There are 2 protein chains.
Amino acid sequence: MKQVSVGICGLGTVGSGTFKVLTRNAAIIAGRSGCNIQITRIASRTPRTDIDLGGVPFSTDVYDVVNDPAIDIVVEVIGGYDAAKELVLTAIKNGKHVVTANKALIAEHGTEIFAAAEKAGVIVAYEAGVAGGIPVIKAIREGLAGNRIDWIAGIMNGTGNFILTEMRAGREFAGVLEEAKALGYAEADPTFDVEGIDAAHKLTILASAGFGVPLQFNKAYTEGISKITPYDIAHAEQLGYRIKHLGIARRREEGIELRVHPTLVPQDHLIARVDGVLNAILVDGDAVGQTMYYGPGAGDEATGSAVVADIIDVARIVASGSSLRVPFLGFAPEAMENLPVLEMEDVQSAYYLRISAFDRPGVLAEIATILSDSGINIESIMQKEFEVKDGRIPVIILTHTVQERQMNGAIAELENLPDIDGKVVRIRAENFN
Amino acid sequence: MKQVSVGICGLGTVGSGTFKVLTRNAAIIAGRSGCNIQITRIASRTPRTDIDLGGVPFSTDVYDVVNDPAIDIVVEVIGGYDAAKELVLTAIKNGKHVVTANKALIAEHGTEIFAAAEKAGVIVAYEAGVAGGIPVIKAIREGLAGNRIDWIAGIMNGTGNFILTEMRAGREFAGVLEEAKALGYAEADPTFDVEGIDAAHKLTILASAGFGVPLQFNKAYTEGISKITPYDIAHAEQLGYRIKHLGIARRREEGIELRVHPTLVPQDHLIARVDGVLNAILVDGDAVGQTMYYGPGAGDEATGSAVVADIIDVARIVASGSSLRVPFLGFAPEAMENLPVLEMEDVQSAYYLRISAFDRPGVLAEIATILSDSGINIESIMQKEFEVKDGRIPVIILTHTVQERQMNGAIAELENLPDIDGKVVRIRAENFN
């Protein structure tokens, strides 16, 4: 049985999970891969005394791994940008295959990294970067390879989904966030998770692998969940919807939509039922229709599971001396299409609007006229007479799908009405049909 | 760009779907696969005049495809057993790779077919045979390859799931079955679908690919849904459960459980929310935890999507001249473990019991004593006083997990009690934890 040598850079959550899975399941992995995958070197800036490395040479310098001529596959799980990028590019230059869990690195520097790997004839695999243990990159690049992928939408951040799930009980965002921090679900600085940046990294990668377009993270629209209130969650429920923090990528003729924002989804759609820290990705293909991939999007061994799956894929190629490569972004580089990311104003969506109107006759007619004149059709409307407070009454509207530009115009007009108080609350909605 | 020749045998639902997807998405498929996949011959016993074959040579003899020296990949979508088996074995003997959607063929004759393919150095791919368009074989064989798979459970038959979904509205089995026939969801003879045989074929394959054990379809336990009543569905709901027709495979030290039967699943588990003709497969791995794969389990293009994904996988290997093979059943043949399928009496399950008791004092105590003496713990109990009819009262019990043997003994004792009328209704339950 041919031996394949793996070096692990980084021994945090994902690194230790990878080590544990590779070690514990060595016999199963040999049976599945047909080769003997050995961890021959581990490096991490901060050593861990709580893990028994079983005699594998350890170093605090990751370059001891990257420059070890005996190593076939470098696992990059140090995270972050610059140091990780340099590490990966050096590994590629040294002729090593790379397995990474670093979504930020791929979303922001993937083009450069993949080009270098292409030139060096090595593989860069990144399943663990998107949706943790869920093999969704494999599903899109291979399992659905016969499809024109039309859209991808999903819950790509467990922290945000945990918070929105808990808020359904009427709790405020800030309180649940504190709980998420206490439980270890949220970082001390939760910006990456709750503002949608982490989800946008994953979405950028999914969109490229699905549509065959360049990685364009800097064009992704991100809107966080910190302004979502239990009041809107409850009223969305009354309309038959739940609010989820979704990443949505849609392929249109003019370009692609690439956006992360709170979204109303129909209560009876499966994705509305994905609660807590779990992730789920919907993929719609022209042949297959809608499919969904669900599971843990984080965690040491769950993410380690995806790292190990990539290691096995690469190890089988190394062991067989094959030159076979699944294109990094699903499509051969020359088959990629340089579709732009659409401006947010060109996105198409349905909308939930909450308007604080003064309780005067004719207000509803004014609102309806503005929407109608802007070409916006109303799906349902709720006026909460019994909720009048300080002379103001909430009007809640669900619209059909329109161009965001139309909605922006209508909202500006609505906010100019003397009968309307303050800003209009606007949350996008998707019906997935 | 290297050309790869595909011959399609069978032009029914799946064959025509495969043809349509390959033809319509030819450019995307070339971009993803890096090769030019051409359909060079089609054969079907009954010609179809409603599909434009675009000049591809057509024959009514599938051996015109199988014996064509120019063809690299034979697609077997004629279905059935004997003719399909002969076709596939001949194709293998002729040195051709095979892509099939035939679950019955693989579940019942896979061992022989895979051995022949191994010897000939060709690939037999069968993603389309399990759960239609959902790439769950790929997920198990590759995406979760680092895991020890502990159990697999799922809704593997759309017809049965449609019927159970409709029955939630209080309708009887027979009436919904007629509707399913009228809608084209059920065959004139629905035995394969509603008695669990189709699901057992798929489960057999999933269990082998997941656990690395031989295909043992003839040992699978199957129980259909024809005896499920709206009454039991409603009472399961009151206990917080839904009834689904599940295939369940569990790896235990002594052997594997392989069983298809109606099953109570917790209402708040995602799989309880999979309605209509859709399929969903839960896979539990020791590293990743629970993941779920959801989508259409049938349909021309949905199943065609899986056939085409397999064609692309094989075509890339053909085009690159690689010898790389994912083992047919996930594990290298020498790494497979000859674990037996456990007798149904050795299976472990929770149970829903409905007992028709005469309305006399002490009956409940008698029932509780028998269960307790058999080592069976009660999770919840409902006695419907207001439902007394002809002096009989329904007692509904949900138990903790026990050995089926214990339950069989307890049920025999219960049915011997003079205070109990007729047979005890027993439906298994799973909590997935």
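Since this is a predicted model, take the numbers as computed values, not measurements. (Residues numbered from 1 in each chain as written. Chains lettered and ligands numbered in written order. Predicted model: local features only at pLDDT ≥ 70, side-chain atom pairs only at ≥ 80, totals over all residues. Heavy atoms only, no water.)

Peer 1: I'd like to hear about the relation of the copies chain B and chain A, residue by residue, with values.
Peer 2: Mapping chain B onto chain A is achieved by rotating through 180° and translating by 0.0 Å along the same axis, at an RMSD of 0.0 Å. Look at the turn and shift together and you get a two-fold axis relating the two. Considering only C-alpha atoms, the part of chain B nearest the rotation axis is Tyr-293 of chain B, at 2.5 Å. Both copies present the same face, since 100% of the interface residues in chain B are matched by interface residues at the equivalent positions in chain A. (Least-squares fit on C-alpha atoms with pLDDT ≥ 70 in both. Contact = heavy atoms within 4.5 Å.)

Peer 1: Give a description of the sheet that holds strand β2 (residues 36–43) of chain B that names residues and reports values.
Peer 2: Residue and element names in this part refer to chain B. Read from one edge of the open sheet, 6 strands run β3-β2-β1-β4-β5-β6, paired in parallel fashion. With partners counted over all chains shown, the strands left at the sheet margins are β3 (58–59) and β6 (124–125), one partner each. Strand direction decides the pairing type here: strand β4 (residues 73–76) and strand β5 (residues 97–100), joined by 4 bridges, are parallel. Paired with Val-75 across the two strands is Val-99, which belongs to β5. (Pairing = 2+ DSSP bridges. Helix = DSSP H or I, 4+ residues; strand = E, 2+ residues; numbered from the N terminus.)

Peer 1: Break down the environment of Ser-305 of chain B for me, citing the residues and quoting the values.
Peer 2: Assignment of secondary structure puts Ser-305 of chain B in helix α12 (residues 300–320). A residue is classified by how much of its surface remains accessible, and Ser-305 of chain B, at 0% relative accessible area, is buried. For Ser-305 of chain B and Gly-17 of chain B, which are 288 residues apart along the polypeptide, the C-alpha to C-alpha distance reads 8.0 Å. The residues touching Ser-305 of chain B, leaving out its near neighbours within four places in the chain, are Gly-143, Leu-144, Asn-147, Ala-287 and Val-288 of chain A. (Buried < 20%, exposed > 50% of the residue type's maximum accessible area, 1.4 Å probe, protein only.)

Peer 1: How would you summarise the UniProt feature "binding site: NADPH" (unreviewed entry) in chain A if you had to cite specific residues and measurements?
Peer 2: Residue and element names in this part refer to chain A. With numbering matched to this structure, UniProt assigns "binding site: NADPH" (unreviewed entry) to Lys-103. For Lys-103, the position within the fold is in helix α5 (residues 103–120). Sequence-distant contacts of Lys-103, defined by excluding residues within four places in its chain, comprise Gly-129, Asp-198, His-201, Lys-202 and Ile-205. (UniProt positions renumbered as here; feature names shortened; annotations may be inferred.)

Peer 1: Provide a residue-level description of the UniProt feature "binding site: L-homoserine" (unreviewed entry) in chain A, including the pertinent values.
Peer 2: All names here are of chain A. Within this structure's numbering, the places UniProt gives as "binding site: L-homoserine" (unreviewed entry) are Glu-187. Turning to its location among the elements, Glu-187 is positioned in the loop between α8 (173–182) and α9 (191–194). Contact partners of Glu-187, with chain neighbours within four places excluded, come to Lys-181 and Asp-193.

Peer 1: Go over the interface of chain B and chain A, please, and point to the residues and values.
Peer 2: At the junction of the two partners, chain B supplies 55 residues and chain A supplies 55 residues. In this structure, the connection of chain B to chain A is made through 4 salt bridges. The salt bridge involving Glu-142 of chain B is made with Lys-138 of chain A; its shortest N-O contact spans 2.7 Å. Our enumeration of links across chain B and chain A arrives at 23 residue pairs in polar contact (both at pLDDT 80 or more). Looking at the side of chain B that touches chain A, the elements with two or more residues in it are α1 (13–24), α2 (26–33), α6 (136–143), α10 (197–211), β12 (289–296) and α12 of chain B. Per element, the largest residue contribution to the side of chain B that touches chain A is 10 residues, and it comes from α12 of chain B. By residue class, the composition of the side of chain B that touches chain A is 29 nonpolar, 14 polar and 12 charged. As defined by bridge partners, strand β12 (residues 289–296) of chain A adjoins β12 of chain B across 3 bridges and the pair is classed as antiparallel. Considered in β12 of chain B, the bridge of Met-292 of chain A is made with Tyr-294 of chain B. (Salt bridge = Lys/Arg side-chain N within 4 Å of Asp/Glu carboxyl O. Polar contact = N/O pair within 3.5 Å; in protein donor to acceptor, adjacent residues only side chain to side chain. Nonpolar A, V, L, I, M, F, W, Y, C, P; charged D, E, K, R; others polar.)

Peer 1: Can you explain the domain arrangement of chain A? Please cite residues and give values.
Peer 2: All names here are of chain A. Here chain A is described as being made up of domain 1 (3–133 + 300–335), domain 2 (143–295) and domain 3 (344–429). The straight-line distance from the C-alpha centre of domain 1 to that of domain 2 is 27 Å. In this complex, domain 1 contributes 16 residues to the contact, which on the side of domain 2 involves 16 residues. Interface area, domain 1 with domain 2, both sides summed: about 1300 Å², of which 73% is carbon and sulfur. Area buried by domain 1 at its contact with domain 2 is led by Ala-107, Val-130 and Leu-329, which between them contribute 38% of it. Our count for the contact surface shared by domain 1 and domain 2 stands at 0 salt bridges. Tallied by class, residues from the side of domain 1 that touches domain 2 come to 10 nonpolar, 4 polar and 2 charged. (Domains from an automatic or database assignment. Buried area = accessible area lost by both parts, 1.4 Å probe.)

Peer 1: I'd like a description of empty space enclosed by the protein, backed by residues and values.
Peer 2: For the structure on display, the rule yields 6 cavities of 30 Å³ or more. Taken together, 35 residues line the largest cavity, and the ones lying closest to its centre are Glu-142 of chain A together with Lys-138, Glu-142, Asp-313 and Val-326 of chain B. For the lining of the largest cavity, the elements supplying multiple residues, two or more each, are β6 (124–125), α6 (136–143) and α12 (300–320) of chain A together with β6, α6 and α12 of chain B. Looking at which element gives the most residues to the lining of the largest cavity, the answer is α12 of chain B, with 6 residues. Class assignment of the residues belonging to the lining of the largest cavity gives a composition of 19 nonpolar, 1 polar and 15 charged. Quantified by volume, the second largest cavity comes out at close to 70 Å³. (1 Å grid on protein atoms, 1.4 Å probe; cavity = no way out; pocket = protein on both sides within 12 Å on 5 of 7 lines; lining within 4 Å. Points joined across faces, edges and corners; volume = space filled by probe spheres on them.)

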